[in-house]
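Observations on chain architecture
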Amino acid sequence: MSKEEVLSYFYTNSTNYGVKRTLVILLCGLAAGLIIYLTYFITSEKVVYNRKFNWSLVAILLITTIVMMMISSNIAISLGLVGALSIVRFRTAVKDSRDATFIFWAIAEGLCVSSQNYKLTFTSALFIAIVLMISSKIPGIWNRYLLIVTGEGIDREQFQDKLKPYVVNWKIRTANKDATREELILEIKTKGEINLEVLDELTDVSGVESVNWVAESGETVG
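What you see is a predicted model; the values in this text were computed from it and never measured.

1. Some remarks on the pattern of salt bridges
Summed over all chains, the structure comprises 4 salt bridges. Between Lys-162 and Glu-201 there is a salt bridge; the shortest N-O distance is 3.3 Å. One end of the pair, Lys-162, is in helix 7 (residues 156-163); the other, Glu-201, is in helix 8 (residues 197-203), with 39 residues separating them in the sequence. In this structure Glu-201 comes out as partly exposed when scored by relative accessible area, which is 28%. Two residues, Glu-187 and Arg-173, come together in a salt bridge whose shortest N-O distance is 2.5 Å. Of this pair, Glu-187 sits in strand 3 (residues 182-190) while Arg-173 is found in strand 2 (residues 169-177), placing the two residues 14 residues apart along the sequence. Residue classification places Glu-187 among the buried positions, given a relative accessible area of 11%.

2. As for the packing of aromatic side chains
Aromatic ring pairs are defined here through the distance separating the ring centres and the angle between the ring planes. For the coordinates displayed, the defined rule picks out 4 aromatic pairs. Their ring planes at 40° and their centres at 4.4 Å tell us that Tyr-37 and Trp-55 sit as a pair that is tilted. In this pair, Tyr-37 is assigned in helix 2 (residues 19-43) and Trp-55 in helix 3 (residues 51-73), connecting sequence segments 18 residues apart. When the ring of Tyr-40 is compared with that of Phe-53, the centres are 5.4 Å apart and the planes differ by 55°; the resulting orientation is tilted. Of the two residues, Tyr-40 sits in helix 2 while Phe-53 sits in helix 3, which places them 13 residues apart along the sequence. For the pair shown, Tyr-40 and Phe-53 are each scored as buried.

Scoring rules and cut-offs
Residues numbered from 1 in each chain as written. Predicted model: local features only at pLDDT ≥ 70, side-chain atom pairs only at ≥ 80, totals over all residues. Heavy atoms only, no water. Salt bridge = Lys/Arg side-chain N within 4 Å of Asp/Glu carboxyl O. Helix = DSSP H or I, 4+ residues; strand = E, 2+ residues; numbered from the N terminus. Buried < 20%, exposed > 50% of the residue type's maximum accessible area, 1.4 Å probe, protein only. Phe/Tyr/Trp six-rings, centres within 6.5 Å; stacked < 30°, edge-to-face > 60°.

Rendered as structure tokens:
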């Protein structure tokens, strides 16, 4: 088979997308993207909700759909496109593994939409959305907090006696002390939600001036 015949085969076996067909595919992609958007919004556990990142998930899905449509519309061009995309490097690090999960989910749904497998697209999108929503509502066995205590001449024994009824265990993460003041940062594990009564108990300890609780959630604090 000559080079001309190979190129002719690629061009004649490509898919042609009309305006209406393209709009239908993109609208289905947008609908799947909105499912991801709502799932991220509902399951977000961060103190600061990142709306821009959430909308970027929808954009990633649509961009993936467009790229795959371009590849399937012209096989000859797709070979060069794959080579061009292989040199792309992302410099922004994704710190939260949950965000990376949503990015891969958006890419996967974009591939489903571009293949026009709409049953797989919406079935998988709804199923994953339900799984993520349920998992976000299931409480963990232990709740972790950071306990920050500051004061002057803190009675350690009295402090431990007051703390024991409310926690499963604890360990000191940081201890700072100068001539007059001291600061303790402890990692606390509790069976249930934070009990505000412990704040009143600990502030009554001799030498304690202030007590702060900070919730730990995965890799983030707050």
